[in-house]
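Architecture at a glance
As a plain string of letters, each chain reads:
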Amino acid sequence: MEPLPGIRIRRLRLAGIDRSYDVDFTIEQRVRNLSVIAGAFSSGKTTVLEFISYGLGAKRHPRHQEVLRRVRSCLLEVELSGEPHVIERSVGEPSKVAFVRRGTLDTKPASRGESRPIDPPGTRESLSALLLSHCKLEGVQLREAPNSRESRTDPLSFRDLMWLAFLPNERVADTNFLFENHYMRKHKLRQVVDVVFGVHDDRAVELGQRIQKLGGQLAQAKTELEAARSFVQEQAPIAVAHDEAIPSPLTYERELADITSQLQALDQAAQAGTAFAAQLRREHQQAARSSRRAASVLRDCETQLARLMPLRAQYADDLLKLGMLGEAQQLFDPLSVTACPACLNRLPAPPTAASGHCSMCSHELTDADGALTLGAADSGSQAEGNRVNVEAEIRSTKARLKEITNYIENLDESLAALKLQAEEAAILEEQAAAALDEATSPSVSPFLAARDDLHRRREQVLRLIDQAESTAKLQEGLAKRAAAVERHEAQIARLKVELAQLGDATNDRDRIISKVSSRYGDLLREWRYPKLSQPFIKPDLTPCVRGEPYQEASSGARTLLTLAWQLAVFEIAVETGAAHPGFLMIDSPQKNLGHGGGGTLDAVIADAVAIDDFYHHLSVWLAARGAKAQLIIADNSPPLLAEGDVVARYSRNEDQPPYGLIEDETSAEPEEVTR
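The structure contained in this document is the topic of the report that follows. Everything quoted here is computed from the prediction, not taken from an experiment. (Residues numbered from 1 in each chain as written. Predicted model: local features only at pLDDT ≥ 70, side-chain atom pairs only at ≥ 80, totals over all residues. Heavy atoms only, no water.)

As a further point, take helix α11 (residues 555-575). The terminal C-alpha atoms of α11 lie 30 Å apart, and with 21 residues this matches the ideal 30 Å at 1.5 Å per residue to within 8%. Of all 21 residues in α11, 19 are buried; the element is thus mostly enclosed. Positive backbone phi, approximately 70°, marks glycine 577, located one or two places after α11. (Helix = DSSP H or I, 4+ residues; strand = E, 2+ residues; numbered from the N terminus. Expected span 1.5 Å × (residues − 1). Buried < 20%, exposed > 50% of the residue type's maximum accessible area, 1.4 Å probe, protein only.)

Shown next as C-alpha cells:
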C-alpha cells in the first residue's frame, strides 16, 4: 500500500512505575480512519487528546493528581510518512526534549532514541522541524507583520499547525474561536492556513529561500553520510555490503532459545539416566561427611598441641625462676642481722634496744618506743615468711606443670590414632567416589560431551547476537543519514516543481477560500442547521451564517459552526493534498447540543440536529475522499452508528471497568479525578 502522507497516530502509552495505560488507534496493524473515545465526564477522554498533543510538542501536559502520581513518561507511537516512530517525553515537569526512535512500542529498540529539543522550534534538530518535514513544511518562515515585506520573520512551529489538527473543548462554540482577541495569533492563524494550502504572499521568494536552505542542509547531510559510511566500512564492512544478507538478531535469538531448551532436555535425560546410582551417591556423601569430621578432630588435636607446648615451657621457666628466688633469699637476707659486721663472728643474741640505746653501738635511739628501724633485729620472722611463700609457689607451679605435661602426653598418644582414622576416612571417601564414577560414567559421559558441545554453540551464538546487534545499529545510523539525504532531495525537487507551477497567490487563495466556504455550507446542510441561509467563510476566515459572523449565533449554533469550519478546512486540505498533518482531533462535538461540555444547552439546536448526521458524514467521507485521513473524537455518548469505532470507553463506575484512563484511580479519591 502507498504510505500515508503526513502524520498518523497509532498508539498512546502512559508509562508508570508498576504498569502502563494504553489507548490503541489501530485495527489489524493499520491506523483507523475514525477513532472514538467515549465515556462519562471526568474520566480521561480529554486527557488522551492532550497527551497526544504533548507528544507532538505541546508545552504542557495534563497535571491531574492521578496523572502525576501514576505516570512517569508519555510514549506516542506515530507514523511519519508511513514509517512507525515512537516519541517519548517525561511527565512531571514538562520536558525540554523528546526522544524519537524508529519502530513501534512493542519492538525492541535497536538503539537509543534521538534527542530532539522542543524549543526553539526553528532549529534543524528540533522535534517541530522533524514533524514539519513530514508535512512538507520544513523551513517555512512567517512574517511578524503580514502586510510589510520588510518585516522580520519567525519559523513556523508545529504547535501553530496543531490549530488545524486539534479542536479542543474550550475552542468549540467559543466566540474567540479564531483568536479575535489576540491580534498576533489571529494573523498567524491566517498565515498558517495560507501556508498549508500554499497560497501565502511572497510564495516565490519563500520557496527560493527554502530551496537554498535545503540545498545547504543536503550538502551537509551528504557529507555526514559519506563520513558515516567510511567509519562503518572500517569497523564492520558487512554493514555496508549490499550483496550480502545480514542475519537478523531475532534469528540468533531463536537459535539461542533452541539451544537452551536442548540443554534443559539434556539435563533431565542425564538425571533420569543416573537415577540408579542414588544409593552410591548417598554412600559417597556419608563417607565425605565422615572424612571431613575425622579431619576436623585431627586438626583440633594438632592445634591444642601447638598451643600447649609453649605453655608448658613457660611453666618450666617460671619454676626455674622461683628456685633462683629461694636461693637468693638464703644468701642475701637484708632483713636479718646475725653476725657482727666488724669481726664477722656470729652474735650470741640479736641486736636489741635497751634504755633508748642500740645494744651493738650504744647509740642513742630517737624512737621513744625503743624499736629498731634498721634491719629485723627481733627474730627474722619476715624472711622466714618469704621463704615459705616461695616454696608454696614452687609446689603449685610444679603441680600445674605436671598436669599440662600429662595432658600433652595423652594428646600426643591419641594423635597417631586420629591421623590413622582421618587417613582411613579419606580412603573410604575416595573409594565411594570411584565407585560412583565407575557406575555412572558410562551413562553420564555421552551427556557431558553433548553438553559441552551445546555450551560451545551457545557462546558462539551469543557472540553472533552481539555482532548482529552492533551491525544493526550501524546500519540504522547509515539508513537514518541516507533517509535524511533522500528527504532533502525529495523536498528540493518538490519545491522546484511547485515554484515552476506557481501562479498568482491572490487568485489561488480566493479559490481555496471558495472551496472551504462551499464545503462549510454543505456540512451545515447535512447536519440540518435550522433556517440555514447564506453560509460562507470570509476572506479573513470568519465563518458566517444568515449574513452574520458566528459570534452572533447561539451557543449550540456556534458548536455546529466551529465544527463545520474545522472540518471544512481539514477535508479540503486532505482532498487537495495540502501540507496538512492528515489527522484531526475533536473534543466534545456535542457541546451545547444536549450532552453539555461546559456550556449551556441550546434547546432549539439540540432538537433540530441529530448527532447521527455528524457521524454519518464522517463515515461517508472517510470511506471515499478521506480514505487516507484520520479523525480522533472524544465524545461523552456517541450514537450507535459510531459504536464500531469506539476504541476506549470509560465508565466512571467501579463496577464497570475501565473506570477511566488511569483506571486504578477510582472514586475512592473523588477530589483527584481526570477531566
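So much for the structure itself; the text now carries on.
The next point concerns the sheet that holds strand β2 (residues 20-24). Sheet architecture is open: six strands sit in the order β2-β1-β6-β7-β8-β9, paired in antiparallel fashion. With partners counted over all chains shown, the strands left at the sheet margins are β2 and β9 (114-117), one partner each. Geometrically, the sheet is characterised by an average inter-axis angle of 25° between neighbouring strands, direction not taken into account. The pairing of strand β6 (residues 71-80) with strand β7 (residues 83-90) spans eight bridges and is antiparallel. Bridged to leucine 76 within β7 is isoleucine 87. Across the sheet, helix α1 (residues 45-55) is in contact with β1 (7-16), β2, β6 and β7; its angle to β1 comes to roughly 105°. (Pairing = 2+ DSSP bridges. Axes fitted to C-alpha atoms, helices over the stretch in contact; angles between N-to-C directions. Contact = heavy atoms within 4.5 Å.)

Under the definition given, this model contains seven aromatic pairs. Summarising the aromatic geometry, the rings of phenylalanine 177 and tyrosine 550 are spaced 6.2 Å apart at their centres and angled 80° between planes, so their arrangement reads as edge-to-face. Note that phenylalanine 177 is positioned in the loop between β12 (166-167) and α5 (183-197) and tyrosine 550 in the loop between β17 (548-549) and α11, a separation of 373 residues in sequence. For the residue pair phenylalanine 177 and tyrosine 550, the accessibility class agrees, reading buried in each case. (Phe/Tyr/Trp six-rings, centres within 6.5 Å; stacked < 30°, edge-to-face > 60°.)

Approximately 800 Å³ is the volume found for the second largest pocket. Forming the walls of the second largest pocket are 29 residues, and the residues nearest its centre are Ser53, Ala58, Lys59, Arg159 and Trp163. Of all the secondary-structure elements, those providing two or more residues to the lining of the second largest pocket are α1, β11 (153-155), α4 (158-161) and α5. Considering only residue class, the lining of the second largest pocket consists of eleven nonpolar, six polar and twelve charged. (1 Å grid on protein atoms, 1.4 Å probe; cavity = no way out; pocket = protein on both sides within 12 Å on 5 of 7 lines; lining within 4 Å. Points joined across faces, edges and corners; volume = space filled by probe spheres on them. Nonpolar A, V, L, I, M, F, W, Y, C, P; charged D, E, K, R; others polar.)

Before going further, it helps to spend a moment on the packing of α11 against helix α13 (residues 611-623). To describe two helices that pack against each other, one gives the angle between their axes and the distance between the axes. The interhelical angle for the contact between α11 and α13, taken along N-to-C directions, is 5°, at an axis separation of 13 Å. The angle between α11 and α13 falls in the class roughly parallel. Between α11 and α13, the contacting residues are Leu563, Leu567, Phe570, Glu571, Val574 and Glu575 on the first element and Phe614, His617, Leu618 and Trp621 on the second. The residue inventory of the contact of α11 with α13, partitioned by class, reads seven nonpolar, one polar and two charged. (Parallel < 35°, antiparallel > 145°, perpendicular 65-115°, else oblique.)

This part is about the side chain of asparagine 169. Within the element layout of this structure, asparagine 169 appears in the loop between β12 and α5. We classify asparagine 169 as buried; its relative accessible area is 12%. Within polar-contact distance, the side chain of asparagine 169 engages the side chain of serine 588 at 2.8 Å. (Polar contact = N/O pair within 3.5 Å; in protein donor to acceptor, adjacent residues only side chain to side chain.)

In terms of residue burial, strand β19 (residues 630-635) counts as a mostly covered element, since six of its six residues are buried. Here β19 shows no split at all, with Gln630, Ile632 and Ala634 on one side and Leu631, Ile633 and Asp635 on the other all buried. Relative to β19, strand β5 (residues 34-39) runs parallel, the two being bridged by five bridges. Note that in β19 the partner of serine 35 across the bridge is isoleucine 632. As paired strands, strand β18 (residues 583-587) and β19 are joined by five bridges and run parallel to one another. Note on β19: the bridge partner recorded for methionine 585 is isoleucine 632.

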